[in-house]
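Commentary on secondary and tertiary structure
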Amino acid sequence: MQPFTKKVIEIMKSIPEGKVMSYGQVARTAGNPRSARQVARILHSMSEKQDIPWHRIVNAKGEIAIKDGERRFTQRLLLEEEGLRFEEEGKVSLSRYQYFPDP
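Here's what I pulled together on the structure shown here. (Residues numbered from 1 in each chain as written. Predicted model: local features only at pLDDT ≥ 70, side-chain atom pairs only at ≥ 80, totals over all residues. Heavy atoms only, no water.)

Considering the arrangement of structural elements, one finds Ser35 in the loop between helix H2 (23-29) and helix H3 (36-46). Of the residues examined, Ser35 reaches a relative accessible area of 12% and is grouped as buried. Remark: the alpha-carbon pair of Ser35 and Gln25, spanning 10 residues in sequence, is separated by 9.6 Å. If we ignore the near neighbours within four places in the chain, the residues touching Ser35 are Phe4 and Ala27. Reaching out from Ser35, the side chain makes a polar contact with the side chain of Asn32 at a distance of 3.0 Å. (Helix = DSSP H or I, 4+ residues; strand = E, 2+ residues; numbered from the N terminus. Buried < 20%, exposed > 50% of the residue type's maximum accessible area, 1.4 Å probe, protein only. Contact = heavy atoms within 4.5 Å. Polar contact = N/O pair within 3.5 Å; in protein donor to acceptor, adjacent residues only side chain to side chain.)

Okay, here's the thing in structure tokens:
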């Protein structure tokens, strides 16, 4: 496993219940700020194998980025079960729910 991939997985696993991070934020925290798409690929390909809390990753606007309706609904449901509330626009408030891991 590549060092960046390992670091991304470690960061995503550290997100506590009731908090979220964006793809770009995970990439920056892992040391490669221009790799948000790579974070999405890692999440997509390894979330099940690595037991990553995939539902705690949103886009930079606080929106669910998944296009598939069923998985989108599932992500929202999982976040709501953890206590997150969505605004009228379908976003979570990053100022309220965003997680910032220790450096």
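The subject of this paragraph is the layout of surface pockets. There is about 340 Å³ of room inside the largest pocket. Leu43, His44, Trp54, Ile66 and Arg71 are, among the 13 residues lining the largest pocket, the residues nearest its centre. Of all the secondary-structure elements, those providing two or more residues to the lining of the largest pocket are H3 and helix H4 (69-81). Counting residues per element, the lining of the largest pocket draws most heavily on H3, at three residues. Along the lines of polarity and charge, the residues of the lining of the largest pocket split into seven nonpolar, three polar and three charged. (1 Å grid on protein atoms, 1.4 Å probe; cavity = no way out; pocket = protein on both sides within 12 Å on 5 of 7 lines; lining within 4 Å. Points joined across faces, edges and corners; volume = space filled by probe spheres on them. Nonpolar A, V, L, I, M, F, W, Y, C, P; charged D, E, K, R; others polar.)

This part covers the pattern of salt bridges. Applying the stated rule across the entire model yields three salt bridges. Glu10 is the salt-bridge partner of Lys7, the closest N and O atoms lying 3.4 Å from each other. Taken as a pair, Lys7 and Glu10 lie in helix H1 (residues 3-14) at a separation of three residues, close to a single helical turn. Between Arg76 and Glu80 there is a salt bridge, and its shortest N-O distance comes to 3.0 Å. Taken together, the positions of Arg76 and Glu80, both in helix H4 and four residues apart, correspond to about one turn of that helix. Among the residues examined, Glu80 registers a relative accessible area of 28% and is labelled partly exposed. (Salt bridge = Lys/Arg side-chain N within 4 Å of Asp/Glu carboxyl O.)

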